[in-house]
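This is what each chain is made of:
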Amino acid sequence: MYLPHLSREVFQPNWSSTSEAGLGSGLVVLDHERVVALDQAAHEAGVRIGMRKGGALTLAPDARIHDKDELKEQQAVADVATALMQFSPQVAIAEEQTVLVDVSASLRLFGGVRALRCAIRASLAAFGFTVRMSVAPTGQSAWLMARYRGGRRLSIRSLMRQLPRLPALLVLEARRYADWFDGLGCTSVADLRRLPRAGLKKRCGTALLDTLDRAVGEAPELYEWVQTPPSFNARIELPDRVEHAEAVLFVARRLIVQLTGWLASKQLALTRFSIELEHERGRAASPPTTIEVALAEPTWHEDHLTRLLKERLGRVELAAAVIAVRLEVNDVEAAEPPSDTLFPEPGGSAADHNRLMELLVARLGHENVLRAAPVADHRPEIVSNWVPVSSDVKGCPLPGDQPRPSWLLETPIQLITRQHRPFYGSPLRTVSPGERVEAGWWGGELVTRDYFVAEADDHTCYWIYRERVGSRIEEDPRWFLHGLFG
Amino acid sequence: MASARVNVVPCGSETLAAELPGGGWPKGALTDLLVQQPGAGEMRLLLPALKAVATRRIAFLQPPHRFQPEAAAYWGLPETSINVVRAQKTADALWAGEQILRSGTFGALIFWQSHVRPEALRRLHLAAQTSESLFFMVRPLAAASDTSPAPLRIAVRPARDSVSLEFLKRRGPARDEPLVVGLTHSPILLNRHASVDRRVSAAPQPRSLPAELVLHE
């Protein structure tokens, strides 16, 4: 994977090019007062690579000018390498913004070279970098091809047809002797390989010969594979200030792709993570908004994490514009290998169910996805207690020996009385013996009620109660409707 | 009733099974239940089917009132198998319904919603077709005149210890007269058959009371 436009794209990822930067302004990256990278708009204004700063400013006065940021580029390449860990544990950072991945062991898992390339491309799309990809039997030749035009050579034989045609100066070690090779008429790798080895070794050292040998597979390749850090904590500065929480998702996706790479390489599953949105430092510095996401079912799937985060971000109200996003992993556990049951259970696994509940909770909120946790009490409104699915309140077993209405009104409706009978649409006839509920005196909320099942003229059954007032108070009994028999 | 290749859940009543296409409540399809108000017996009508799928879970989306777990216990339905999902906005509720159906981890979804646009119903019906879940929408009787993609639409009216069902739409011959289906777990405990058992109190006989009970003035 070669990132050809990295020095520009660290400042302006390609998903933000037209919408946020605004057309016509342009972007120019300078290194030692010389233009090294520019975007389409700047190119149309006449800026060319190698120009001086003054010249570029004259041609494109509105262009945003950045100095080349080596540190940021290195960080970006490291991020890409981390993200690629989800496809193979053997990832190496090579020279000139290139990442090498040894995928020979991953081909079967991901369904072949073509599928793997598609998967890599899709996950790197979150970064917003232009990627040039090549596949070759040796790492060195893959590097050369990616630097040149990309491509796919799966066997040594087809590689040997492609490799000699590459320009000689593509080889890193040959560039120091560019003038000399030019004088010799060496233009391609084939010409280089035709030179006498002893002489070449004497003039250019062993490094050049080793590189060429490694490219064709005649010398062993040794790489220093990327080691993932023991904890994950990544932060990105946004190219622009962002006012909407949903827009942060683009950036957050990039963090999640990195995170999945990290999880895959460590063989861990995520249980809790948090996203911190750092706000613009205005007149009043506002503390960063933190979104904590706890997962019921440990996961390492990018899609699920992205969907969860999308729903959570949709509910967040930003206090100020966001300038940076940080993702921190709080809790992980070892990933379980996938189930190898021959027949999948109908209706999906428990893990699927937990994922669904998480998704519902993420969008609707904890208080809206409930399960029953009955409380041992006589008052119906206390018994029918519903708690969020994530809470660990335990319900008591219910006797289930009395008919109860399925629907309980949150506030009982006081019924009018006609001819000493409760009336709700039609006179109600009691069709059950009374049930006395007298409880709550210990909490100061004394409830003294006699419950009856009542039937209306249209045969609908209602659960009504008569409030038992003290016998001394000369008052008509008050009837209330409290439940409906569904 | 012709039994097409429909995946059904037994409905627990032979008279009803004879009238339902396939002989039970259809899985993977939208079924409309139209009620005047909650409490018409619609839950007890679905009870046998809910019991059959209770091992997978049951979702109540946007229930009209608070559901009492004690009622489920009386019916013999484990209350732990029920999840209640509420949403502030109709769009959220429709989204949640679709997610629940698409994931297919719930055995049944009952969705209370009064106003739904036909395209939203169609979307839910399509989502239901991808799953193996029971899917009922409980809507007011006034929605009977609206179009609906549901292959089965039934108006439910209360009756004594039973419900009276009117088939508004079904796959099969039209049926005009309502069908009365008996329900179990009736809340009516007193005098189920003789509705009002009022004994005439004995007529007072003069001088039948002991003298000391009679108040002298």
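How each quantity is defined
Residues numbered from 1 in each chain as written. Chains lettered and ligands numbered in written order. Predicted model: local features only at pLDDT ≥ 70, side-chain atom pairs only at ≥ 80, totals over all residues. Heavy atoms only, no water. Helix = DSSP H or I, 4+ residues; strand = E, 2+ residues; numbered from the N terminus. Contact = heavy atoms within 4.5 Å. Areas by Shrake-Rupley, 256 points an atom, 1.4 Å probe, with all protein chains shown as cover. Buried < 20%, exposed > 50% of the residue type's maximum accessible area, 1.4 Å probe, protein only. pLDDT = per-residue confidence, 0-100. Salt bridge = Lys/Arg side-chain N within 4 Å of Asp/Glu carboxyl O. Buried area = accessible area lost by both parts, 1.4 Å probe. Nonpolar A, V, L, I, M, F, W, Y, C, P; charged D, E, K, R; others polar. Pairing = 2+ DSSP bridges. Phe/Tyr/Trp six-rings, centres within 6.5 Å; stacked < 30°, edge-to-face > 60°. Core = buried A, V, L, I, M, F, W, Y, C linked by side-chain atoms within 4.5 Å. Axes fitted to C-alpha atoms, helices over the stretch in contact; angles between N-to-C directions. Expected span 1.5 Å × (residues − 1). Parallel < 35°, antiparallel > 145°, perpendicular 65-115°, else oblique.

J.: Whenever I open this one, the overall build of chain B confuses me. Can you help?
T.: Helices and strands together make up the secondary structure of chain B, namely five helices and 11 strands. In chain B, 64% of the contacts between residues at least 6 apart in sequence involve partners at least 24 apart. Of the roughly 10600 Å² of accessible surface on chain B, 52% is carried by carbon and sulfur atoms.

J.: Explanation requested: the overall build of chain A in the structure shown.
T.: If you tally the helices and strands in chain A, you get 16 helices and 21 strands. Split into buried and exposed, the 486 residues of chain A put 45% on the buried side. Contacts in chain A between residues far apart in sequence, at least 24 positions, make up 57% of those at least 6 positions apart. Within the structure as shown, chain A displays about 25400 Å² of accessible surface, and the carbon and sulfur contribution to it stands at 50%.

J.: Would you mind showing me how to read the confidence of the model for chain B here?
T.: For any part of a model where pLDDT is low, the fine detail of the predicted coordinates should not be relied upon. Counting all residues, the mean pLDDT for chain B is 84, and 85% of those residues have values of 70 or more. The ipTM assigned to the predicted complex is 0.82, against a pTM of 0.63.

J.: What is the right way to look at the pattern of salt bridges in this model?
T.: Oppositely charged side chains are able to pair whenever their charged atoms sit close together. A full pass over the atoms with the stated rule returns 25 salt bridges over all chains. Of the charged contacts, one joins D213(A) and R197(A) as a salt bridge, the two residues approaching to 2.9 Å between their closest N and O atoms. One end of the pair, D213(A), is in helix α12 (residues 206–216); the other, R197(A), is in helix α11 (residues 197–204), and 16 residues separate them in sequence. With a relative accessible area of 44%, R197(A) lands in the partly exposed category. E166(B) is the salt-bridge partner of R157(B), the closest N and O atoms lying 2.9 Å from each other. By relative accessible area, which is 34% here, R157(B) ends up partly exposed. Taking relative accessible area as the criterion, E166(B) reaches 25% and is therefore assigned partly exposed.

J.: What is the right way to read the interface of chain B and chain A from this model?
T.: By convention, interface size is frequently given as the accessible area that disappears when the constituent parts associate. Between chain B and chain A, the residue contacts involve 51 residues of the former and 54 residues of the latter. Here chain B meets chain A over a buried area of about 4700 Å², counting both sides, of which 61% is carbon and sulfur. Salt-bridge contacts for D92(B) lead to R363(A); the nearest nitrogen and oxygen are separated by 2.7 Å. Among the elements that line the side of chain B that touches chain A, the one with the most residues is helix α4 (residues 90–103) of chain B, at seven residues. Looking at the side of chain B that touches chain A, its residues break down into 28 nonpolar, 12 polar and 11 charged. Of the pairings in the sheet, the one linking strand β12 (residues 369–372) of chain A to strand β6 (residues 82–85) of chain B comprises three bridges and is antiparallel in character. Its bridge partner lying in β6(B), V369(A) is registered against V85(B).

J.: Whenever I open this one, the packing of aromatic side chains confuses me. Can you help?
T.: A ring pair, where both rings are aromatic, is described by two values, the distance of the centres and the angle of the planes. Scanning all chains against the criterion turns up 17 aromatic pairs over all chains. Relative to F110(A), the ring of F87(A) has its centre 5.3 Å away and its plane inclined at 55°; by these criteria the two rings are tilted. With F87(A) in the loop between α4 (70–84) and β4 (91–94) and F110(A) in helix α5 (residues 107–110), this pair connects stretches of sequence that are 23 residues apart. Here the aromatic rings of F67(B) and W75(B) are separated by 6.2 Å at their centres, their planes lie at 55°, and the arrangement is tilted. Residue F67(B) shares its accessibility class with W75(B), and that shared class is buried. Site record: aromatic cluster; members linked through ring pairs are W386(A), W407(A), F60(B), F67(B), W75(B) and W112(B).

J.: What's the story with the nonpolar core in this structure? I'm lost.
T.: Among the nonpolar cores identified, the biggest contains 56 residues, and L16(B) and W25(B) are the most heavily contacted of them. Sort the elements by how many residues they give to this core and helix α2 (residues 42–52) of chain B lands first, with six residues. Counting residues in each nonpolar core, the second largest holds 31 residues, with L249(A), V251(A), A252(A) and L313(A) among its members.

J.: In this structure, what is going on with the sheet that holds strand β2 (residues 34–38) of chain A? I would like to understand it.
T.: The strands making up a sheet are joined through hydrogen bonds of the backbone, oriented either antiparallel or parallel. Residues and elements named next belong to chain A. Strand order in the open sheet formed by three strands is β2-β1-β3, and the pairing between neighbours is mixed. Where the open sheet ends on each side, the last strands, each with one partner, are β2 and β3 (64–67). Averaged over all pairs of adjacent strands, the angle between their axes in this sheet comes to 35°, without regard to strand direction. Bridging between strand β1 (residues 27–31) and β2 involves four bridges; their strand directions are antiparallel. Along β2, the bridge assignment pairs L30 with V35.

J.: Before we go on, may I ask you to explain the pairing of strand β5 (residues 98–101) of chain A in this structure?
T.: Residues and elements named next belong to chain A. Examined bridge by bridge, β4 and β5 share four bridges and lie antiparallel to one another. Each residue of the ladder has a partner; that of V91, found in β5, is V101. Hairpin remark: β4 followed by β5, antiparallel, with three residues in the connecting loop; positive phi at E96, about 55°.

J.: Would you explain the sheet that holds β12(A) in this entry?
T.: With mixed pairing, 10 strands are arranged side by side in an open sheet as β13(A)-β12(A)-β6(B)-β4(B)-β7(B)-β8(B)-β3(B)-β9(B)-β10(B)-β11(B). The sheet is open, and its two edges are formed by β13 (386–388) of chain A together with β11 (179–182) of chain B, each paired on a single side. Adjacent strand axes in the sheet meet at a mean angle of 30°, parallel and antiparallel pairs treated alike. Relative to β13(A), β12(A) runs antiparallel, the two being bridged by three bridges.

J.: Can you help me understand the environment of R160(B) in this one?
T.: All names here are of chain B. The topology assignment puts R160 in the loop between β9 (152–159) and β10 (162–169). Given the relative accessible area of 25%, R160 is considered partly exposed. Each C-alpha atom of the pair R160 and G182 lies 8.6 Å from the other, and the pair is 22 residues apart in sequence.

J.: I would appreciate a short explanation of unusual backbone geometry in the present structure.
T.: Peptide bonds are, in most cases, trans, and in most cases residues other than glycine have a negative phi. Residue and element names in this part refer to chain B. Its identity is not glycine, yet D161 carries a phi of approximately 55°, on the positive side. Here D161 is to be found in the loop between β9 and β10. With phi around 55°, H185 is a residue other than glycine that occupies positive phi space. Along the chain, H185 turns up in the segment after β11. Accessibility expressed as a relative area gives 26% for H185, which makes it partly exposed.

J.: What is the right way to read helix α13 (residues 248–266) of chain A from this model?
T.: Residue pairs spaced three or four apart in an α-helix point in one direction, given the helix's 3.6 residues per turn. All names here are of chain A. Look at α13: 27 Å from first C-alpha to last across 19 residues, which is about the 27 Å you get at 1.5 Å a residue. For α13, a buried count of 14 out of 19 residues is recorded, marking the element as mostly surrounded by other parts of the structure. Positive phi shows up at Q267, right after α13, with a value of about 55°.

J.: Sorry if this is basic, but what is going on with the packing of helix α14 (residues 302–315) of chain A against helix α15 (residues 350–364) of chain A here?
T.: Axis angle and axis distance: for two packed helices, these are the angle between their axes and the distance between the axes, and together they describe the pair. Residues and elements named next belong to chain A. Where α14 meets α15, the closest approach of the two axes is 8 Å, and the angle between their N-to-C directions is 20°. Comparing the axis directions of α14 and α15 gives the class roughly parallel. Along the contact surface, α14 presents H304, R307, L308, E311, R312 and R315, while α15 presents R355, E358, L359, V361, A362 and R363. By residue class, the composition of the contact of α14 with α15 is four nonpolar, one polar and seven charged.

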